[in-house]
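The residues making up each chain are set out below.
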Protein chains: 2
Amino acid sequence: MQNLIKAINHYISLSDEDINIIDQLFVKKELKVNDSFLTEGGVCKEFAYINNGLLRHCIINNGEEETFYFSTEYDFVCDYESFINKAISKKSIIALEDTTIYSISYSNMQLFYSKVKFGERFGRLLLEDVFTKAINHIISSHTDAAEQRYLNFMSSFSHIQQRIPQYYIASFVGVTPQSLSRIRRQLVKK
Amino acid sequence: MQNLIKAINHYISLSDEDINIIDQLFVKKELKVNDSFLTEGGVCKEFAYINNGLLRHCIINNGEEETFYFSTEYDFVCDYESFINKAISKKSIIALEDTTIYSISYSNMQLFYSKVKFGERFGRLLLEDVFTKAINHIISSHTDAAEQRYLNFMSSFSHIQQRIPQYYIASFVGVTPQSLSRIRRQLVKK
DNA sequence: AAAAATCATTACCATAGGGTAACAAATTAT
DNA sequence: ATAATTTGTTACCCTATGGTAATGATTTTT
C-alpha cells in the first residue's frame, strides 16, 4: 500500500486521514499470468494501481487481436470509457506476468473523490498525464514510419521492453511480427 | 457567454455565484482566418471554449505540416501538455474560419478550479471525455486501413466535414491528398 | 533427454499507399 | 471577364508492409 500512497502523493498531498480513507477504499488483488483485469464484453468495474507485474491492453478487430498498450508497476490502469459510463468494453486487459494490484470499485472511487481532500484534483491531474501521453502516441503513429514507431516504443517502454514478446510489440507498433523482424534486422545493420 | 455556461453546466451544476466567477475569468476573443490560437515554439497560455468557428491542430514533422485534429463550435480547445506544464509546444492551432472563443489564462484557470464549487470535478470530467475520444482515435488508427479511417473521420466530423479542405482531411486521415482522392473514387464506385 | 509447442526469422510474391508530374476544376485577384 | 492561384484528380512507377510458407530457435511438456 506504501507505493500506492506514494503514487497518489505525487499528485496531491495527503493527510493522515486521507491515507486512512485510501487504505479502506482500495483492495489488494493478485492476478496470475493470463488472468484478465478486464474482459471484452464486460464492464470495467475497477480502477487500479499496479504494485508489480505487467498488463497488456488489447482489442479484437476482424477476429484479430491487437495490442495497443502496456501497463506496468507504478502505473494506474483502467478502461476509463467503460468505468466512467459503466459501458460494455470492447477491450481486454490481460496479465503478461503475475501481477499485484490495488483496486478500487466505481462507488468507492466516487467516495475517494468526495472524501479525500484533493481527491477531485488527483483525478484531474492523473488524467492530464495520461491524456498527454495519449496525444503524443496519436501524433507519433500519425507521423512516424514503422521503424521510428518501434524506436519510440523502445524508448517509452525501455524499462519493460525485454519482458514483452516480439509479437505483442509488433502489434503495438502496428506491424506484423515478420515486418518487425525485418525492421530489427535493418536497425542492427546500421 | 451563454453557450459556455451551458457547456460547463453539462458537466457540473453551477450556482449563480459560480456563473459570476466564470463571467469574470473568461475573456471573449476573435480569431480571423489563419490567426493562431497557439503557435509552435510558444507556450499555450490559454484554455478556451469555441463559441463558433473552426480550428485545426497541426504539428511540423520533417518540414511537413501534419493536421491531427479539428476543434469547432461547442468544443473546448487547449494544448494540455503545454498549458499544464507551461512547456514549449510543438503544435500549432490555427483558425480555418473566423472564430470566436471564450478564453481563460492559466492562473485564472487555477482560480476557476478553486473558486467554482465543482471546478475540479469539471476539469476531471472534461478530461475523461477528451481522453476517451483520444483512445478511440488511437485504436482506430491502429486497427483501420486508410479507407476506414476516412469513413471514421466522416462520421466523427460529419457536422464540419464540408468546411474542411481535402488536403487537411487527407493529413488527418494519414494519407496524401492523392491517395485520399483515390479512396474517394473507390468509395463512389461501391 | 526427447518430443512438442511456441516464437522469431527469412524468403517470396502481392498490394496499398507514397512521390512526382501533368492536368482539371475551383477559387481569388486584377 | 481574364488571369493567377489554389485545390483536387488521375496516371505512372516505386517502396514499405502484408500474407503465406518454410526454417530455426527457444521454451514447455512429457
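We now turn to the structure provided with this report.

Rules behind the numbers
- Residues numbered from 1 in each chain as written.
- Chains lettered and ligands numbered in written order.
- Predicted model: local features only at pLDDT ≥ 70, side-chain atom pairs only at ≥ 80, totals over all residues.
- Heavy atoms only, no water.
- Near = heavy atom within 4 Å.
- Polar contact = N/O pair within 3.5 Å; in protein donor to acceptor, adjacent residues only side chain to side chain.
- Helix = DSSP H or I, 4+ residues; strand = E, 2+ residues; numbered from the N terminus.
- Nonpolar A, V, L, I, M, F, W, Y, C, P; charged D, E, K, R; others polar.
- Buried < 20%, exposed > 50% of the residue type's maximum accessible area, 1.4 Å probe, protein only.
- Arc of directions from axis to C-beta.
- Contact = heavy atoms within 4.5 Å.
- Phe/Tyr/Trp six-rings, centres within 6.5 Å; stacked < 30°, edge-to-face > 60°.
- Salt bridge = Lys/Arg side-chain N within 4 Å of Asp/Glu carboxyl O.

Around DNA strand D sit 15 residues in total, of which Gln178 and Ser179 of chain A together with Gln166, Tyr167 and Gln178 of chain B are the nearest. Atoms of DNA strand D within 4 Å of the protein belong to the sugar or the phosphate in 66% of instances, the rest to bases. At 3.4 Å, a backbone N or O of Gly174 of chain A approaches a phosphate oxygen of DNA strand D. Between a phosphate oxygen of DNA strand D and a side-chain N or O atom of Arg185 of chain B, the distance comes to 3.1 Å. Within the residue set of the surface near DNA strand D, elements represented by two or more residues are helix 8 (177-189) of chain A together with helix 7 (166-173) and helix 8 (177-189) of chain B. The biggest single contributor to the surface near DNA strand D is helix 8 of chain B, with five residues. Its residues assigned to classes, the surface near DNA strand D comprises four nonpolar, seven polar and four charged.

All names here are of chain A. What helix 1 (residues 2-9) keeps buried is the set Leu4, Ile5, Ala7 and Ile8. Buried residues in helix 1, looked at end-on, bunch into an arc of 160°, giving them a common side. Residues of helix 1 that are exposed and point over 90 degrees away from its buried face: Gln2 and Lys6. Check the buried side of helix 1 and you find it contacts helix 2 (16-25), strand 3 (46-52), strand 6 (76-77), strand 8 (99-105), helix 4 (106-115) and helix 5 (119-143).

Attention now goes to the packing of aromatic side chains. Taken as a whole and assessed by the stated rule, the structure comprises 38 aromatic pairs over all chains. Between Tyr80 of chain A and Phe131 of chain B, the aromatic rings sit 5.2 Å apart at their centres with planes inclined by 90°, giving edge-to-face as the arrangement. With Tyr80 of chain A in helix 3 (residues 80-85) and Phe131 of chain B in helix 5 (residues 119-143), this residue pair bridges two chains. Residue Tyr80 of chain A shares its accessibility class with Phe131 of chain B, and that shared class is buried. Ring centres of Phe112 of chain B and Tyr113 of chain B lie 6.0 Å apart, and the angle between their planes is 80°; on these two criteria the pair is classed as edge-to-face. Looking at Phe112 of chain B, the relative accessible area reads 1%, which means it is buried.

Next up on the list: the pattern of salt bridges. With the rule as written, the count across this model stands at 20 salt bridges over all chains. For Asp98 of chain B, the salt bridge identified is with Lys32 of chain B, shortest N-O distance 3.9 Å. Pair noted here: Asp98 of chain B is in the loop between strand 7 (91-95) and strand 8 (99-105) and Lys32 of chain B is in the loop between strand 1 (27-31) and strand 2 (36-38), with a separation of 66 residues, a long-range link. Here the salt bridges do not stand alone but share partners, grouping Glu120 of chain A together with Arg121, Arg124 and Glu128 of chain B into one network.

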